[in-house]
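# What the coordinates show
Residues per chain, in single letters:
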Amino acid sequence: MKRTRTRSIMVVLLTLAYFAGLIYHIVNLSLHSSEWVSMPQNAHIADSEGLADAGMIYDRNGIVLAQSLNGTRIYNASEAVRRACLHVVGDDSTNISTAVQTIYRSELSGYNFIFGLGQPDFIRTSNNITLTIDAGLQTTALSALGDRKGAVIVYNYKTGEILCMTSTPTYDPQNVPEDIETNDDYEGAYLNRVLSGVYPPGSTFKLVTSAAALEYIPDAENIEYNCTGSDEIGTKEFNCFSVSGLVTMREALAQSCNCYFGFLALRLGGEQMTAQAQKMGFNNCYTIDGAQTAKSIYNVSEANDNELAWSGVGQYTVLSTPINMAIISAAVANGGIPVMPYFIKEIKGATGTLKSGSTSLGSIMMPPDIAQKLYDYMDYTVETNYGKNYFCSSLDICAKTGTAEIDEGIAHAWVTGFSKDEDCPLAFAVVVEHGNSGYGVAIPVATAVLDAAAAASTLHPYSRFRSAP
Ligand SMILES: [Zn+2]
């Protein structure tokens, strides 16, 4: 009797274990199968055959960026559009890891949980994807960057829609160059530099140091410093681009006085600088519509006083992605809390809508009163130092430039900022590699795209897509 009971318990336990395992595998399959199917190891999907019957990709205005005809992937008829949209759309391969045709390959190709990829064509449910980007702005950004390597991001800081996300070097996905792996001109061409490029942020990082000082030092905005063009910090020389004279924080930011912000970083110390940098996206990755960004870095754990001071002006080992800087500007424009950027407007097929882009808030970067001060400082910086008209004829822009020095070669040119216009609420960041001057090189690129965005908004008002956060 006892033996029978023991056997019965064993049978019940084994049966339970069997069903637990079965449920585990079914749940796993349903959650992850669409990711597994598009993995590079799954060659018939990862190569061009995976797109043979894939759905359409449209820009925000309905322009077709990619479609499949007779088993071939066809991109937009204009080579400029193809090259300008490459890093968002992708090519036939999965080499561009953050591109839509890599991340959403299974949705595009019509992978189905029940049938896998084996369903007959008449019930195949390939999905179409509409992006938030504007192909016209993409090509404007590409021609403004020209032959230079760099990145341009412009997004609506009220809704989160990315209107422009352009990265160079690029190539034509319809005619992938044969020497792409060996020609230096294409070095890093698979990277979307907006999301995956990291650069010393230079003086654009003074926004972070300002926010830290306003957060942690009482009456920080009235701290005075007499800039003579250089000073000694931590027994080493510290240089400015020019002689600013007696300045407080607003004037120091407008004139981009290195010594002012170097001393500020030193006074704050590594702990408070790190705390503020982390609130503003450093030491962290963002995931944007399934695309993971590179990590922006602020680490002064090994820094001496001179190095800590250099970190306060975005040098030393500080690194930022362009999108991180655009999100910081969006936070300043939004009272301290950024609306997070996104680029998928909708994924839709015969079975309905799989995904809709929507407005979402990031975590708080600074309290509203500090955001307001930075807003006024960036406004004042353009007003007094760059010139509102030099910047943009159609929008009222607040901004901060950076000329980020690197160990070898010419400095990288940066600018980040936002428009004050309610009907055209745009946050942006531009990097031109080895551009040397944020003012002379990055601002004209930003201006070209922002003016085009303002013109496009009169045809397709951005406020139409605005929804309350
Ligand atoms: Zn100075």
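Residues numbered from 1 in each chain as written. Predicted model: local features only at pLDDT ≥ 70, side-chain atom pairs only at ≥ 80, totals over all residues.

## A few points about the packing of helix α8 (residues 206-216) against helix α13 (residues 368-386)
Running from N to C, α8 and α13 point in directions that differ by 140°, and their axes come no closer than 10 Å. Compared by their axis directions, α8 and α13 come out oblique. The crossing of α8 and α13 is right-handed. Contacts from Leu207, Ser210, Ala211, Leu214 and Glu215 in α8 reach Ile370, Lys373, Leu374 and Tyr377 in α13. Classifying every residue of the contact of α8 with α13 gives six nonpolar, one polar and two charged. (Axes fitted to C-alpha atoms, helices over the stretch in contact; angles between N-to-C directions. Helix = DSSP H or I, 4+ residues; strand = E, 2+ residues; numbered from the N terminus. Parallel < 35°, antiparallel > 145°, perpendicular 65-115°, else oblique. Left-handed = near helix turned anticlockwise from the far one by under 90°. Contact = placed C-beta atoms within 7 Å. Nonpolar A, V, L, I, M, F, W, Y, C, P; charged D, E, K, R; others polar.)

## Details of the sheet that holds strand β16 (residues 412-419)
With antiparallel pairing, the five strands of this open sheet are ordered in space as β6-β5-β17-β16-β15. Looking at which strands have only one partner, the edges of the open sheet turn out to be β6 (162-168) and β15 (397-404). Between one strand axis and the next, the sheet turns by 5° as a mean value, whatever way the strands run. Taken together, the seven bridges between strand β5 (residues 150-156) and strand β17 (residues 426-432) define a ladder with antiparallel strand orientation. In the strand pairing of β17, Asn156 is matched with Leu426. Sitting on the sheet, helix α12 (residues 322-333) touches β5, β16 and β17, and the angle it makes with β17 is about 150°. (Pairing = 2+ DSSP bridges.)

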